[in-house]
Amino acid sequence: MRRVLTADRMRAADRAAGDHFGMPSPLLMENAGRELAEVARALGAPGGRFLVVCGPGNNGGDGLVVARLLHAWGRRVTLVLVGPRDKLTPDSQRNLLALGPSGLEPQSLGEVEEPRVGDVVVDAIFGTGLTRPPSGEFAKAIEYVRRWRAAGAKVVAADVPSGLHSDTGVPFDPCVEADATVTFGFLKQGQVLEPGATLCGEVRCVDIGIPAEAVVAHAGAEVFLVEEADARGAIAPRRSDTHKGTYGHVLVVAGSLGKSGAAALSALSALRAGAGLVTVATRAQVVESVLGHAPEVMGWPLEDRGPLGRADLESLLAAADQKDALVVGPGIPRGEETTALLGELLERVEVPVVLDADALNAVSTDLGVLRRAKGPVVLTPHPGEMSRLSGLPTKQLQKERVKVARDFARTHGVTLVLKGARTLIAHADGTVYVNPTGNPGMATGGTGDVLSGVLGALLAQGLKLPEAAWTAVYAHGLAGDLAAGRRGRLGLIASDVVKGLCSVWTRWER
Ligand SMILES: NC(=O)C1=CN([C@@H]2O[C@H](COP(=O)(O)OP(=O)(O)OC[C@H]3O[C@@H](n4cnc5c(N)ncnc54)[C@H](O)[C@@H]3O)[C@@H](O)[C@H]2O)[C@@H](O)CC1
Ligand SMILES: [K+]
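Since we're looking at a predicted model, the values are computed, not measured.

Following the sequence through the fold, Val176 ends up in the loop between strand E5 (154-158) and strand E6 (180-184). Classification of Val176 by relative accessible area gives buried; the value is 0%. The sequence separation of Val176 and Arg149 amounts to 27 residues, and the corresponding C-alpha distance is 9.3 Å. Setting aside anything within four residues of it in sequence, one finds Val176 in contact with Asp123, Ile142, Val145, Arg146, Val155, Pro161, Ser162 and Leu199.

See the structure below:
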């Protein structure tokens, strides 16, 4: 797990480094500038030019250090300073002064000779201090950097590409697009969320002397980026003295006429994610077609009677008996009584329950049912379903995914998996995990059913929340990545992701 900070928490860590750990800000800036200069140097072609564009804040100060060092290393440097000189921060003023002996004089944007292939642009206009849309000469400078990149120069951003909001990952207009971003001390939220992650290019987090102890732990407000070792480490190797009972029995409540495939995908994925046994509870008329897709799955026929309602409760409770986890929702027939049915089911079932698809739409009409749950509950909405759950327009919630996911998980005492590029896993205690795996090829029908099955299987095998959730999401995304590696993204379908799961386990068993 890598800790991910907001701009506020990063500022607090910077301050603490100076106040309590003997690392004052000028020293941090020097370290930051040196690390950045080294990355820039490695990115440039021999004999290439370095264009360093500095803004008014400390991010610009980092750029001034870069200009001084690259010049001292014998490189050709062009320096641009955007904004009034007398408004520079004290640390930046100091570094402007330190440029004196080099004879480097800041130029204006219009004077600069266009960079070419092999040249490097160092973007030090804005960092974590950007709070509003860049305008005037700042916007113009960002447009120049974008143009120079289009002309073939490599762009390396200091801390954050200028124009990107370092908390939300949402860019202002305009925003720099970088080939690499060198970030200082700790990852920032905006670098691990999309579209920020893409705008950053390759992110390198460098040590500038801020000790981990300078970051104050904030229970319930932490954000972590999940890494492969975490997910891999959560899956215990199989012991030889085990049997199918060891690996849990998942009940999948899913499917209806025309949607038996959703049930089959979820059930099959649960098996492919290691569940010992999987039973699908579905309307009698579709049981056989579900089993037709997967002979390893068992069927629990529910009397045929349209949408799921109160009359199905007893049969579902009987089906849930002796099960280790439930997955409810993929392709279920939803009607007026479905919400009430789910409420009663949650109230009486003690094992973990994954709510997906139409089960989410059902609970969104009465969120109170979540609080009545006896066991742990995980919800796996895509942004459209999240919009119904939260009452927020999709566009708005996508701009503040961390906050929306965290608030929901806390308020309702559940684990929430908010799907989409960089799926978030928010736990009831407020901790948020960001998943880095997955690709746009997975934007295709049925991949959500696969995720719910994997999650159900891990819960049935005894993984606890939130670990089960971030492990399932990581593995599911990696399965999609490995499948896309073989078949490409465009034609990827959910069944390929199911097969990809096996590639994940082989990779992890090695
Ligand atoms: N504080 C520290 O100890 C360190 C800070 N570092 C650097 O400092 C950066 C943060 O510095 P700052 O907090 O000074 O902020 P920035 O350098 O990101 O710049 C923001 C400055 O521009 C102003 N501003 C914000 N939005 C604007 C807009 N749209 N148009 C015009 N002006 C705008 C702000 O008032 C602020 O003065 C980090 O990203 C990092 O690069 C590093 O040097 C490491 C150490
Ligand atoms: K920057």
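Turning to the site of ligand 1, a few remarks are in order. Among the 22 residues in the neighbourhood of ligand 1, the closest are listed as Asn58, Asn59, Asp62, Gly127 and Asp159. In the environment of ligand 1, an oxygen atom lies 2.9 Å from a nitrogen or oxygen atom belonging to the backbone of Asn58. Gly129 is positioned with one of its backbone polar atoms (N or O) 2.9 Å from an oxygen atom of ligand 1. Out of a free accessible area of 860 Å², ligand 1 has 81% covered by protein chains. Looking at the shell around ligand 1, the elements that each hand over two or more residues are helix H2 (25-43) and helix H3 (58-72).

Moving on: the sheet that holds strand E4 (residues 120-124). Here we have 6 strands laid out as an open sheet, ordered E3-E2-E4-E5-E6-E8, and parallel in their pairing. Edge strands, defined here as strands with exactly one partner in the open sheet, are strand E3 (76-81) and strand E8 (202-206). Strand-to-strand twist of the sheet, defined as the mean angle between neighbouring strand axes without regard to direction, takes the value 20°. Where E4 meets E5, 4 bridges bridge the pair, whose relative direction is parallel. Bridge pairing links Val122 to Val156 in E5.

On to the packing of aromatic side chains. Aromatic rings in a pair are described by how distant their centres are and how their planes are angled relative to each other. The full count for this structure, using the stated rule, is 6 aromatic pairs. A ring pair is formed by Tyr144 and Trp148, whose centres lie 5.5 Å apart and whose planes are at 70°; its orientation type is edge-to-face. Here Tyr144 and its partner Trp148 are both found in helix H5 (residues 136-150), 4 residues apart, which amounts to about one turn of the helix. In terms of burial, Tyr144 and Trp148 fall into one category: buried. Measuring from centroid to centroid gives 6.1 Å for Phe224 and Tyr433, while their planes differ by 25°, and the two rings are stacked. Within this pair, whereas Phe224 is found in strand E9 (residues 223-225), its partner Tyr433 is found in strand E18 (residues 432-434), the two being separated by 209 residues in sequence. Tyr433 sits in the buried class, given a relative accessible area of 12%. Site record: aromatic cluster; members linked through ring pairs are Phe224, Tyr433 and Trp470.

Here we take up helix H20 (residues 494-509). The terminal C-alpha atoms of H20, which comprises 16 residues, lie 23 Å apart, in line with the 22 Å expected from a rise of 1.5 Å per residue. Of all the positions in H20, only Ala494, Asp496, Val497, Val498, Gly500, Leu501, Ser503, Val504, Trp505 and Trp508 are classed as buried. Its buried side turned inward, H20 meets helix H8 (228-234), helix H9 (260-272), helix H18 (447-460) and helix H19 (467-487).

Our focus in this paragraph is unusual backbone geometry. Here the amide bond leading from Asp173 into Pro174 is cis, since omega sits at 0°, within 30 degrees of zero. The step from Leu465 to Pro466 runs through a cis peptide bond, and the omega angle for that step is 5°. Tracing the sequence through the fold places Pro466 in the loop between H18 and H19. Non-glycine residue Asp159 carries a positive phi angle of around 70°. With respect to the element layout, Asp159 can be found in the loop between E5 and E6. Using a relative accessible area of 9% as the deciding quantity, one classes Asp159 as buried. In this structure, Arg422 is a non-glycine residue whose phi angle is positive, near 60°. Looking at the secondary structure, you find Arg422 in the loop between strand E16 (415-418) and strand E17 (424-426).

Before going further, it helps to examine the UniProt feature "binding site: K(+)" (unreviewed entry) in the protein. Per the UniProt record, "binding site: K(+)" (unreviewed entry) is annotated on Asn59, Asp123 and Ser162. A stretch of 104 residues holds the annotated residues, and the largest C-alpha distance among them is 9.4 Å, short enough that they meet in one place. In this fold, Asp123 is placed in strand E4. Leaving out residues up to four positions away in the same chain, Asp123 has contacts with Val53, Asn59, Val155, Val156, Ala157, Ala158, Val160, Pro161, Ser162 and Val176. Separated by 3.3 Å, the side chain of Asp123 and the backbone nitrogen of Ile125 make a polar contact. Looking at the element boundaries, Ser162 is found in the loop between E5 and E6. If we ignore the near neighbours within four places in the chain, the residues touching Ser162 are Asp123, Ile125, Phe126, Ile142, Pro174, Cys175 and Val176. Within the structure, the side chain of Ser162 is placed 2.4 Å from the side chain of Asp123, a separation counted as a polar contact.

About the criteria used
Residues numbered from 1 in each chain as written. Chains lettered and ligands numbered in written order. Predicted model: local features only at pLDDT ≥ 70, side-chain atom pairs only at ≥ 80, totals over all residues. Heavy atoms only, no water. Helix = DSSP H or I, 4+ residues; strand = E, 2+ residues; numbered from the N terminus. Buried < 20%, exposed > 50% of the residue type's maximum accessible area, 1.4 Å probe, protein only. Contact = heavy atoms within 4.5 Å. Near = heavy atom within 4 Å. Polar contact = N/O pair within 3.5 Å; in protein donor to acceptor, adjacent residues only side chain to side chain. Areas by Shrake-Rupley, 256 points an atom, 1.4 Å probe, with all protein chains shown as cover. Pairing = 2+ DSSP bridges. Axes fitted to C-alpha atoms, helices over the stretch in contact; angles between N-to-C directions. Phe/Tyr/Trp six-rings, centres within 6.5 Å; stacked < 30°, edge-to-face > 60°. Expected span 1.5 Å × (residues − 1). UniProt positions renumbered as here; feature names shortened; annotations may be inferred.

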